[in-house]
Amino acid sequence: MDNVDAAGLGIGDDHPPRVMGVLNVSKESPYDPSVFDDPGEAAAYVDEALIGEGADIVDVGLESANKKFDVLSAEGELDRLDTAVETLESTSGDAIWSIETRYAEVAEAALDAGFDMVNDIAGFADPDLPAVCEEYDVAVAKMASPPDLTRPGAVEETPWAERKGAVWADAADYVDMVYEALKQNGLTDKTIVDPAFGGWSEAQTIEQDREAFRRLREFRGLGKPMLVSINRKNFLRSLTGRSTEDALASSLAATSMAVERGAHVVRTHDVRETVDAVAVGHEFARDRVRDGDGGAADPHVEELDVTTTGEAHRHAERLDVDAGIAGESVARVFEVAGVDDSTADRLAAAAEDAGVAYAPTGDGCVLAGTIAAFDRLCADSEGSEGPYAAVLGRLQQSGY
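Residues numbered from 1 in each chain as written. Predicted model: local features only at pLDDT ≥ 70, side-chain atom pairs only at ≥ 80, totals over all residues. Heavy atoms only, no water.

1. Some details on the side chain of T255
Topologically, T255 is positioned in helix α10 (residues 248-260). Of the residues examined, T255 reaches a relative accessible area of 3% and is grouped as buried. Setting aside anything within four residues of it in sequence, one finds T255 in contact with I230, V266, T274, A277 and V278. (Helix = DSSP H or I, 4+ residues; strand = E, 2+ residues; numbered from the N terminus. Buried < 20%, exposed > 50% of the residue type's maximum accessible area, 1.4 Å probe, protein only. Contact = heavy atoms within 4.5 Å.)

2. Focus on the nonpolar core
Counting residues in each nonpolar core, the largest one holds 69 residues, and the members touching the most others are L23, V58, V60, F115, V228 and I230. Of the residues forming this core, the biggest block, seven residues, is contributed by helix α7 (residues 174-183). Within the second largest apolar cluster, 25 residues are counted, among which are L347, A373, Y388 and L392. (Core = buried A, V, L, I, M, F, W, Y, C linked by side-chain atoms within 4.5 Å.)

3. Here's the deal with the side chain of R288
Its location among the elements puts R288 in the loop between α11 (271-283) and β11 (290-291). Polar contacts involving the side chain of R288 include one to the side chain of D13, which spans 3.3 Å. A polar contact is formed between the side chain of R288 and the backbone oxygen of E303, at a distance of 2.7 Å. For R288, the contacting residues outside a window of four places in its chain are D13, R220, E302, E303, L304 and D305. (Polar contact = N/O pair within 3.5 Å; in protein donor to acceptor, adjacent residues only side chain to side chain.)

4. Concerning the sheet that holds strand β4 (residues 57-61)
Strand order in the open sheet made by the eight strands is β8-β7-β6-β5-β4-β3-β10-β9, with parallel pairing throughout. A strand with exactly one partner marks an edge of an open sheet, and here the two such strands are β8 (191-194) and β9 (227-229). Across the sheet, the mean angle separating the axes of adjacent strands is 25° when strand polarity is ignored. Packing against the sheet, helix α3 (residues 104-112) makes contact with β5 (96-101) and β6 (117-120), and its axis sits at approximately 160° to β5. (Pairing = 2+ DSSP bridges. Axes fitted to C-alpha atoms, helices over the stretch in contact; angles between N-to-C directions.)

5. Points about the pattern of salt bridges
Enumeration according to the criterion identifies 28 salt bridges in this entry. Between R102 and E63 there is a salt bridge, with the nearest N and O atoms lying 3.1 Å from each other. Placement of R102 in the loop between β5 and α3 and of E63 in the loop between β4 and α2 (74-90) is noted, with a sequence separation of 39 residues between them. Pair check on accessibility: R102 and E63 agree, each one buried. For R314, the salt bridge identified is with E218, shortest N-O distance 2.8 Å. One end of the pair, R314, is in helix α12 (residues 309-319); the other, E218, is in the loop between α8 (206-214) and β9, and 96 residues separate them in sequence. The buried category is assigned to E218, whose relative accessible area is 5%. (Salt bridge = Lys/Arg side-chain N within 4 Å of Asp/Glu carboxyl O.)

6. Points about the sheet that holds strand β15 (residues 364-370)
Reading across the sheet, the three strands line up as β13-β15-β14 and stay open at both edges, with antiparallel pairing between neighbours. Edge strands, defined here as strands with exactly one partner in the open sheet, are β13 (331-337) and β14 (357-360). The average angle at which neighbouring strand axes cross in this sheet is 15°, direction not considered. The pairing of β14 with β15 spans four bridges and is antiparallel. When the bridges of β15 are listed, A359 appears paired with V366.

7. Regarding the layout of surface pockets
By volume, the second largest pocket is sized at about 360 Å³. Around the second largest pocket, the lining comprises 21 residues; the ones closest to its centre are D13, H282, A285, R286 and R288. Of all the secondary-structure elements, those providing two or more residues to the lining of the second largest pocket are α10 and α11. Residues that form the lining of the second largest pocket fall into these classes: five nonpolar, five polar and eleven charged. (1 Å grid on protein atoms, 1.4 Å probe; cavity = no way out; pocket = protein on both sides within 12 Å on 5 of 7 lines; lining within 4 Å. Points joined across faces, edges and corners; volume = space filled by probe spheres on them. Nonpolar A, V, L, I, M, F, W, Y, C, P; charged D, E, K, R; others polar.)

8. Details of helix α4 (residues 129-136)
Those residues of α4 lying buried are L129, P130, V132 and C133. Down the axis, α4 shows its buried residues gathered within 160° of arc, on one side only. Along α4, the residues that are exposed and aim more than 90 degrees away from the buried face are E134 and E135. Its buried side turned inward, α4 meets α3, β6 and β7 (140-143). Of the residues flanking the end of α4, it is D137, one or two places downstream, whose phi is positive at about 55°. (Arc of directions from axis to C-beta.)

9. Some remarks on empty space enclosed by the protein
Overall, the coordinates contain one cavity of 30 Å³ or more when judged by the stated rule. Volume-wise, the largest cavity comes out at about 40 Å³. Residue lining of the largest cavity: M1, R220, E302, L304, D305, H315 and R318, and that is the complete set. Grouping the constituent residues of the lining of the largest cavity by class yields two nonpolar, one polar and four charged.

This is how it looks when you write it as structure tokens:
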């Protein structure tokens, strides 16, 4: 996992999770408490409610990314940039300043004016934007998106059959599409990936957002730090039936989970509360070894954050190793109870042949092994009958 230096702020596994507070200078933005068009008022808000409450990064939006509104042109964004720059110059707090845009020329103008990083909501749809970020040597958050400046985040609108082939497009699920969208048009050395939560197209469903969140660790397979923007979003609100104004609790619960699952930056309108949620998630995240500089005298050893074969597959792809290692990367443990001696003996013999650990109990056993080992064990189910077949069937039903 790469670390990213964002104007002196470390982002990645070797650093604490960072909180990105939101400031909007767009009249269309849906969350009124963060919207300002007066630089003085905006600066006071940043100093008090963002930096003052613990934000490491201030992300300034020049327009609403809501799909209900027309896309603002680069010229339209540049007309609003003066307000953002005046705000930056009027604040007294210390933070990294990020400009949210999809246009290379806006990013360049903002960087020239003192901004420190870029938040590209269109996934490098402007092919010049990554080059600008590399020229200025700045961090850039890249949100999953089709290569279309007018459709930020609308991953399913990518012509996948053309880009990846019809066979891939037919087999891919939504998370596969998000993952590939993050890869398209490349990644700079200082890219931070954003899986694009929030219903960016009419086709995107709440369940797709939830599935992407369940599988959040898979995006670590890209080898880059990860940003999540989940604050008060519908895939969380709909679980509790709360309005946007009443959705803080669900956002904070998900924030802790996101950090525990490997998120490095959390973008939010609720900085003070999110700082606390991030601290909880960070404290209870998995403790993994990551040490050594990678030289011949000091080999680097890193335990990958893998809990499913899908996560292992992503890392195998990035590292260009045999995908078969994924099945050997994840272990499962099952308790089996209420079996007769004959069934227990047969399980013990089959487990030994398959490489599954077997430990007898009073009326059954405990089975433990990798996914690949359980695949070998359950391959013995064909033609089997009775209690033995029932045990193997239930193992398969679990999905391991």
